[in-house]
Each structure stands twice: as structure tokens, then as C-alpha cells.
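Chains, contacts and geometry: an overview
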Amino acid sequence: MIDVAKKGEWVKIHDVILNPSDRAPSLPDDTKQVPLEMWVNGFLNHDANIGEKVEITTLSGRKVEGILVEVNPRYTHDFGEPLPELLKIGPTLKSILEKRDA
Amino acid sequence: MYEEIIKRKNEIIKKAVGIDYSKFEIEGIAFDYERMMKEVSYTFDEIKKIQSETQVGNTPLVELKNLTKLVRMYSKKGKGARIFLKDESANPSGSFKDRRASVSVYHAKTHGYKGVIAATSGNYGAAVASQAAKYNLRAIIVQETFDSKHIGQPEILEKGRACEAYGAEVVQLTVGPELFYYTLKLLDETGFFDASLYTPFGIAGVETLGYEVAMQVKERFGKFPDAVVITHAGGGNVTGTARGLKMAGAVETKVIGASVDLRGLHMASDHDFNRKSFTTGHTGFGIPFAAYPDRVDVPRNAARSLRYLDRYVLVTQGEVFFTTEALAQVEGMMRGPAGNTSLAAAIAIAKEMNEDEILVVQETEYTGAGKLPSAQLTFAKKMGITVKNGDSLKEDVPGKVIAIPESIDQIGVIEYPLESLKRSYVKEAIKIYDKKDFSDTEIEFMAKDTKSTFEEVKERLEVLK
């Protein structure tokens with residue numbers, strides 16, 4: 001992971017929007033105990049290290065401050081693993097149709 | 001800060017949506033819904049023009065011949081309706097939400113706003129971002145993405161990626177209804193248009209969908225569809241589609257809502273958040289939004305599903321995964337999860353209907369990383385949820401067990417009585433308006449708002465007194 005980021009680089013920042021004590025009333029207990037946090041991506045407005053407070057310019061043109069957490073933030077979601085619980089569905093249905101059409 | 005923004009809510013919203021809702025108010029719970037729909041939005045012809053200029057709508061209606069064959073093999077003689085699917089994934093950003101976004105973003109552009117903001121973890125974000133790109137407007141999408149351990153829901157992560165791909169800023173938040181607070185703050189800060197899902201623009205945009213379904217079936221078969229199944233969440237899909245069907249003259253077509261059964265999971269719970277394998281089209285939206293539509297981010301919700309629903313059914317998570325897999329494997333259509341909620345219901349409902357009847361599932365959505373059953377189920381297992389094959393209707397437990405059927409004859413629905421939703425509506429009204437006695441004008445409104453008679457509403461009120 002890159003620790004140093006240059007001005008103009010695409011980065012992710014993190015910020016706490018509401019501390020637990022400032023959160024909305026009538027939240028479930030588990031949610032009440034944790035802060036409301038935010039992550040947003042943008043172009044870094046100045047050189048900085050990971051973990052430092054920085055300012056970015058987002059894709060909508062807003063200037064937003066937060067802690068620099070990632071440079072060139074990667075999309076981490078994927079297609080998942082093949083699932084035995086799903087794999088038989090297709091072949092089963094196809095063979096039923098084959099028999100019917102025969 | 002929180003309190004200060006919430007206090008200014010009405011002022012911020014009024015500026016950001018440009019609608020003076022007060023002029024449609026009648027008395028208490030009553031307001032003039034039809035006048036609001038007529039005066040605020042655009043005419044049907046204007047909307048068709050707005051949508052055709054941004055390549056929204058006119059999506060294909062596909063007959064699911066193999067699924068229909070399979071259904072008939074498990075139906076009584078003479079039963080098994082023909083199932084058709086409206087391929088809404090053919091819209092620019094891959095879902096019917098383009099219809100909702102198209103009118104809002106057009107309105108924002110023509111009224112001089114520099115950008116648009118939407119609070120949504122759904123396909124609506126990509127739709128707003130895509131439309132904003134077409135009109136050269138800026139866009140911010142606010143999403144509820146992570147739990148407190150910074151674990152992101154895969155489908156929402158994908159939707160965030162899509163929004164960025166269309167050039168929108170994506171604000172990713174942890175679980176909590178204060179997403180609404182942060183959206184207000186952004187509206188206040190930027191002066192952008194509030195592309196709320198629940199304005200008349202967003203609902204009128206879906207009317208073309210219902211209209212197209214009715215006309216496409218009429219042109220091919222000389223009659224309107226016998227029933228349309230609609231995935232039900234916040235109510236916009238049901239409301240817009242049903243209104244469009246009626247505009248086309250399909251007044252006899254049954255309007256059936258379907259949601260994934262996630263009862264028991266709390267919408268605002270940090271723990272439950274990542275134990276939901278569906279991010280929309282589920283009971284966490286479907287039930288509360290039907291019972292109290294005005295819970296939304298604008299003073300009056302244009303999405304009012306109880307006005308239109310003839311029937312409401314639930315399907316299990318496992319059934320939707322099975323159906324998604326079946327759609328890909330025997331129909332050659334790899335589509336996302338939300339539309340397949342209504343398709344799962346349609347498989348069960350088609351079995352009850354006659355062979356010569358036509359049943360339409362009115363939506364599909366794009367799919368891929370994060371959205372595929374394999375992505376969601378791999379994630380579910382990581383979150384400690386048991387994934388297994390079995391009798392879904394008996395064994396599926398939201399947040400704990402996902403039971404995937406092994407055969408199409410295991411697909412069925414759970415009836416959710418509309419009467420129960422209508423009673424909840426009255427109960428909510430009593431709570432919100434803090435009274436038990438409603439005027440005749442208000443009762444008349446509640447009757448219209450729940451497709452009931454005056455006497456039925458009176459009776460429900462009496463029971464709750």
C-alpha cells in the first residue's frame with residue numbers, strides 16, 4: 001500500500017459525521033453505540049501521508065476534509081465463489097426440459 | 001449541527017425540490033393527491049418525450065417460454081399462465097430507475113439547478129448519475145454502505161461503483177437513518193436539486209412503464225395482461241406502474257406487489273445490516289412504506305401503493321436466488337436480484353392462473369459483481385448465515401438461514417393480507433396525527449388512499465379506538 005500521496009492523486013478519505021452521543025433518537029441499541037462514519041473519494045488538494053487530515057475535491061466539485069485512508073482506492077466487491085447450492089439448479093431444469101421436449 | 005439542520009428541514013427541502021406542497025393540503029391527513037400529480041409534474045406526452053430523448057423506456061417485453069413450460073409441468077391441467085418479462089435492464093443505467101431519474105433530472109436542468117442529489121443505496125443512484133451525465137449536471141449520491149466494522153454490503157458497493165463510473169460523487173455512510181440528515185446538509189451546502197424518489201416527478205416517470213406493458217401485450221394478443229407482478233419496496237414501482245396501466249385502459253389487470261421476506265430484521269440495526277442479502281424490494285421497505293407513505297424525505301409522498309395494490313405476496317430469499325439462477329440457465333437472461341423478486345412470485349402465481357392468461361413481470365435490472373447470487377451468498381456465508389438447499393418456504397429464516405429450493409414446484413408465495421396493511425395504515429394515522437377522531441373529509445381521503453370504502457375505514461378506526 002502507498003503511504004504517501006501527491007497533490008492531484010485519486011484518494012479516499014474518512015470522517016466521523018456524528019459521534020454516538022449526537023446520533024438520532026430512537027435508534028436500535030447496537031447502532032446507538034457506534035458513530036456515523038463517512039468515506040468519500042476525490043482528488044487530493046495537497047501532498048500528504050496516509051493517516052493525515054487532508055482536503056480533497058470530489059467528483060461533484062465539493063471540497064471535503066477528512067483523514068486520508070487510501071490512495072487509488074480499489075473496488076473490492078467481486079463475483080463470489082461457485083456455490084454448490086446453486087450449481088445444480090441449471091442442469092436439473094435443463095434435463096427436465098429436455099425430457100419434456102423429447 | 002444535527003438538530004440545527006433537522007429544524008431547517010422544511011425550508012431546505014422546499015428550496016431543493018421547488019415544490020410548494022402546502023397548496024395541496026386539505027385537512028389533517030387529507031391532501032389532493034391527483035391535483036399534486038397533475039400540477040407538479042409533466043403531462044404523459046411530455047414525459048414520453050423527455051424519456052425518449054435520453055434513451056429511457058421502450059424496453060422489450062420477452063416471453064419466458066421455458067419457465068412457462070416448467071411451471072405448467074407442475075400445474076393442474078389447464079393451469080399455468082404465460083409469463084412475460086419486461087426487460088428494464090435495457091435502460092441506460094440498467095434498471096427501471098432511469099424512468100424515475102429522467103423526469104427529476106430534466107426538471108433540475110430546466111430549472112437552473114447546477115446539480116442533483118439523491119439519497120439511495122439502490123439502482124436509483126446510478127440512474128440519477130447517468131441522467132445527470134446526459135444533462136451535464138453534477139451529481140452526489142448518498143449511500144448507506146457499511147456496518148460499523150467497515151464491511152460493505154456487496155450489492156451496495158457495486159451500485160457505488162456504478163455511480164462513480166457515471167461521474168457522480170458517492171458519499172458512503174455507515175448504517176443509520178441520519179443519512180437523511182447528511183443529505184439535507186449537502187442540499188443546503190450545494191444548492192443542488194433534491195432528486196427524491198418520492199416526488200411526483202419520480203412517480204410520473206414510472207407511468208410510462210405500466211403504459212408500455214399494457215400496450216405491448218394489447219398489440220400482440222388483442223387484450224391487456226391479466227395480472228402484473230411488481231417488486232414492491234418504497235411504493236414508487238407499484239404506484240407508477242399501476243397508474244400507467246390504468247392510463248392505457250388496463251383497468252381490469254390485477255396489480256400484485258411482491259417483496260422478499262426479511263421480516264424480523266431491523267432496518268436501522270448495525271448488526272442486521274449485513275445479514276440482509278437483498279438491499280431493496282424487501283419487507284423492510286414494503287410494509288412500512290405502504291402503511292405510512294409520508295414517512296419519506298418530502299412532505300407528501302407521491303408513491304402510495306395501497307391505492308393500487310390488489311394483492312401483496314412475499315417470497316423467500318432462497319426462492320429469489322433460485323429464480324435468478326433459473327432465468328439465466330433456461331432463459332439465457334442474466335439479470336439482477338430485484339426484478340427476480342416479482343419473477344419468483346410470478347412462478348407461483350402462474351400456477352394458479354389459466355393457460356390462456358397472461359402474467360407480466362414488469363422489471364429486470366443489470367447484474368454483475370456484488371449483485372449476482374454467487375456474490376451475495378458468498379458474503380452471506382461469511383456473515384455467518386447458513387446457506388443450504390431445502391424447502392425455502394419452511395426453512396428460510398431472514399438473517400439466519402437461506403434455504404434455496406431444489407425444484408420449481410417448491411416455489412410458492414406467502415400471502416400478506418392487504419387488510420392487515422390497511423389496518424396498519426389507520427394505526428399509523430392515529431399515531432402520526434395524534435387523534436382518534438377524523439373528519440369525514442379525512443376518512444374519505446383514507447378510503448381513497450387505501451382503495452377502500454368510507455365504511456371500511458370507519459370500521460378500522462372503530463376497532464382501534
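Residues numbered from 1 in each chain as written. Chains lettered and ligands numbered in written order. Predicted model: local features only at pLDDT ≥ 70, side-chain atom pairs only at ≥ 80, totals over all residues.

1. What to know about unusual backbone geometry
Of all residues except glycine, most have a negative phi; of all peptide bonds, most are trans. All names here are of chain B. Phi angles above zero are rare outside glycine, and Gln-55 is one such case at about 50°. Following the sequence through the fold, Gln-55 ends up in the loop between α4 (44-53) and β3 (61-63). A residue is classified by how many C-beta atoms lie within 10 Å of it, and Gln-55, with 14 of them, is partly exposed. One non-glycine residue, Asn-58, lies in positive phi territory at about 50°. (Helix = DSSP H or I, 4+ residues; strand = E, 2+ residues; numbered from the N terminus. Buried ≥ 20, exposed ≤ 12 C-beta atoms within 10 Å, placed from the backbone.)

2. Here's the deal with the pairing of strand β9 (residues 227-231) of chain B
Residue and element names in this part refer to chain B. Counting buried positions over the five residues of β9 gives five, a clear majority of the element. Alternating positions in β9 separate into two faces, Ala-227, Val-229 and Thr-231 on one and Val-228 and Ile-230 on the other, with burial throughout. Relative to strand β10 (residues 254-260), β9 runs parallel, the two being bridged by five bridges. Bridge pairing in β10 links Thr-231 to Ala-258. For the segment spanning β9, helix α11 (residues 236-248) and β10, crossover handedness is right-handed. Relative to strand β12 (residues 358-361), β9 runs parallel, the two being bridged by three bridges. When the sheet's bridge partners are listed, Val-229 is paired in β12 with Val-361. (Pairing = 2+ DSSP bridges. Right-handed = clockwise from strand over helix to strand, strands pointing away.)

3. Some thoughts on the interface of chain B and chain A
Interfaces are frequently sized by the accessible area removed from exposure as the parts join. Counting residues at the interface gives 53 residues for chain B and 39 residues for chain A. Of the residues contributing to the side of chain B that touches chain A, the split by class is 27 nonpolar, 16 polar and ten charged. (Contact = placed C-beta atoms within 7 Å. Nonpolar A, V, L, I, M, F, W, Y, C, P; charged D, E, K, R; others polar.)

4. Observations regarding the domain arrangement of chain B
Residue and element names in this part refer to chain B. For chain B, the assigned domains are domain 1 (2-36 + 95-199), domain 2 (51-93 + 201-415) and domain 3 (419-464). The distance between the C-alpha centroids of domain 1 and domain 2 comes to 24 Å. Each side of the interface is counted separately: domain 1 has 44 residues, and domain 2 has 44 residues. For the side of domain 1 that touches domain 2, the elements supplying multiple residues, two or more each, are α2 (9-17), α3 (33-40), α6 (97-110), α7 (123-134) and α8 (154-165). (Domains from an automatic or database assignment.)

5. Quick notes on the nonpolar core
All names here are of chain B. Counting 158 residues, the largest nonpolar core has Val-116, Val-128, Val-229, Ala-345, Ile-349 and Leu-359 as its most contacted members. The leading source of residues in this core is helix α10 (residues 200-221), at nine residues. Once residues lying within four places of it in the same chain are set aside, the contact partners of Val-229 are Ile-256, Ala-258, Ser-342, Ala-345, Ala-346, Ile-349, Leu-359 and Val-361. (Core = buried A, V, L, I, M, F, W, Y, C linked by C-beta atoms within 7 Å.)

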